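A look at the structure
So the chains spell out like this:
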Amino acid sequence: MTSSLPGNRDLPASQYDLSTYWGRVQHCANVSDPRTLLTSSAGLENAKQLVTAYKTGKMREMTPELWQAKKIIDSTIHPGTSCWRIDTGEPVVLPFRMSAFALSNLIVTGGMLSPGLGTAGTLGWQVVNQSLNVAINYSNANKSTPLPTSAIVKSYFIAVGASCGVALGLNSTVPRLKRLSPNAKLIAGRLVPFAAVACAGVLNVFLMRGEEIRKGIDVYPVLTEDEKLRVEKGELKVEALGKSKKAATLAVGETAISRVLNATPVMVLPPLILVRLQKTEWLKQRPRMTTPVNLGLIFATSVFALPLALAAFPQRQAVSAKSLEDEFHERGGRDGLVEFNRGI
């Protein structure tokens, strides 16, 4: 994020109104744009120089080039530990950036939703999917509370066991449901991967970021306009008020919900549409097109669904200081508010 770069002057958070859901959708669509993956090292350095020039006062106004530079940095550099100053400053590994989500998940989701998967295929794709989830969760977690390697390994195996257990359990249960018609059983069978992914996805987020809930995450006061100007001039340095477990629980819980929201259209719409298409004469005469059509449906839904899911909750969450632990009650900033980085 841009806060990892030199300078006291912060860029505007977004071109869009982040206090509204639609504004956040537009912002998330911008940050998750897959085209930012094509940015070279030289392009990233140029973006850093432009942003640094603004933050150090050499550029006074936001320009289209500066907005593009901010977009590149926001989609590449780790979201970090704070809302204001201390980010890790390190790029997220390319396949695990949110801008790569649609592409990274295309093959994995396509594998899980392939018609006629056997037991080995079901288990294999669930393992691959949970491996990708762990990598994304770890790469985009709030880094103010690092997670030990032993906890990552433990969380990974628990999540894999949960997803495989749900998938195998439902795969064996659905065929035995006598009250369902053959077509209903077919549809239910195609939705088994969604149930497994949703259950394991929520568990995965809480396991991978459980350390944040146990130890808390950094919270900061919401600044007034005058305080922001003092920060720009170097007259005021914003420090964390402390670590809040309640803020961490809220951040991790919202992230888990957003993962389910994102998985729902991606794992539900393509298989339902494909069931209908497989009954058409066009696809019956072209069975080899089943996989390309399936992948196309998944990719289109992923591109559309990701911003809608990420926008469900603000990235920089502002809450009343009195909703957190007692130690923060009288330490809120503007209007008694504090804020923290939710992570994604």
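These numbers come from a predicted model, not from an experiment.

1. Some points on the pairing of strand β1 (residues 217-221)
Counting buried residues along β1, five of its five residues qualify, which places the element largely inside the surrounding structure. Direction of pairing for β1 relative to strand β2 (residues 242-244): antiparallel, over a ladder of three bridges. Among the inter-strand pairings, D218 is bridged to a residue of β2, identified as K243. As paired elements, β1 and strand β4 (residues 337-341) share two bridges and run antiparallel to each other. Within β4, the residue paired with Y220 across the bridge is E339.

2. Structural notes on the packing of helix α8 (residues 192-208) against helix α11 (residues 245-277)
As a packed pair, α8 and α11 sit with axes 9 Å apart at the nearest point and diverge in direction by 160 degrees. Here α11 runs roughly antiparallel to α8, going by the angle between their axes. For the pair α8 and α11, the sense of crossing is right-handed. Here P193, F194, V197, A198, V202, V205 and F206 of α8 lie close against α11, whose contacting residues are V252, G253, T255, A256, R259, V260, A263, T264, M267 and V268.

3. What to know about the layout of surface pockets
In this structure, the second largest pocket spans a volume of roughly 370 Å³. As for the second largest pocket, its lining consists of 19 residues, of which G116, L117, T122, N171 and G189 are closest to the centre. Broken down by secondary-structure element, the contributors of at least two residues to the lining of the second largest pocket are α5 (119-139), α6 (149-173), α7 (182-190) and α8. Sort the elements by how many residues they give to the lining of the second largest pocket and α5 lands first, with four residues. For the lining of the second largest pocket, the per-class residue count stands at ten nonpolar, eight polar and one charged.

4. As for the sheet that holds strand β3 (residues 316-320)
The sheet built from four strands is open, its strands ordered β2-β1-β4-β3 with antiparallel pairing. Strands at the two margins of the open sheet, each flanked by one partner only, are β2 and β3. With direction set aside, neighbouring strand axes in the sheet form an average angle of 45 degrees. In this sheet, β4 lies alongside β3 in antiparallel orientation, the contact comprising five bridges.

5. Looking at a nonpolar patch on the surface
Residues L103, F299 and V303 make up a contiguous nonpolar surface patch of roughly 230 Å² in combined accessible area. Relative to the elements of secondary structure, V303 occurs in helix α13 (residues 290-310). Among the residues examined, V303 registers a relative accessible area of 39% and is labelled partly exposed.

6. Quick notes on the environment of H27
Checked against the element boundaries, H27 lands in helix α1 (residues 21-31). As a C-alpha pair, H27 and A311 span 284 residues in sequence and 8.1 Å in three-dimensional space. Those residues in contact with H27, other than ones at most four positions away along the chain, are A13, S14, Y16 and L18.

7. Brief notes about helix α4 (residues 101-112)
Taking 1.5 Å of rise per residue, the twelve residues of α4 would be expected to cover 16 Å, and the 16 Å separating its terminal C-alpha atoms lies within 8% of that figure. Across the twelve residues of α4, ten count as buried, placing the element largely inside the fold. When we look at burial in α4, the residues that qualify are F101, A102, S104, N105, L106, V108, T109, G110, G111 and M112.

The rules behind each value
- Residues numbered from 1 in each chain as written.
- Predicted model: local features only at pLDDT ≥ 70, side-chain atom pairs only at ≥ 80, totals over all residues.
- Heavy atoms only, no water.
- Buried < 20%, exposed > 50% of the residue type's maximum accessible area, 1.4 Å probe, protein only.
- Helix = DSSP H or I, 4+ residues; strand = E, 2+ residues; numbered from the N terminus.
- Pairing = 2+ DSSP bridges.
- Axes fitted to C-alpha atoms, helices over the stretch in contact; angles between N-to-C directions.
- Parallel < 35°, antiparallel > 145°, perpendicular 65-115°, else oblique.
- Left-handed = near helix turned anticlockwise from the far one by under 90°.
- Contact = heavy atoms within 4.5 Å.
- 1 Å grid on protein atoms, 1.4 Å probe; cavity = no way out; pocket = protein on both sides within 12 Å on 5 of 7 lines; lining within 4 Å.
- Points joined across faces, edges and corners; volume = space filled by probe spheres on them.
- Nonpolar A, V, L, I, M, F, W, Y, C, P; charged D, E, K, R; others polar.
- Patch = residues over 30% accessible without salt bridge, like charges linked within 9 Å, V, L, I, M, F, W, Y side chains within 5 Å.
- Areas by Shrake-Rupley, 256 points an atom, 1.4 Å probe, with all protein chains shown as cover.
- Salt bridge = Lys/Arg side-chain N within 4 Å of Asp/Glu carboxyl O.
- Expected span 1.5 Å × (residues − 1).

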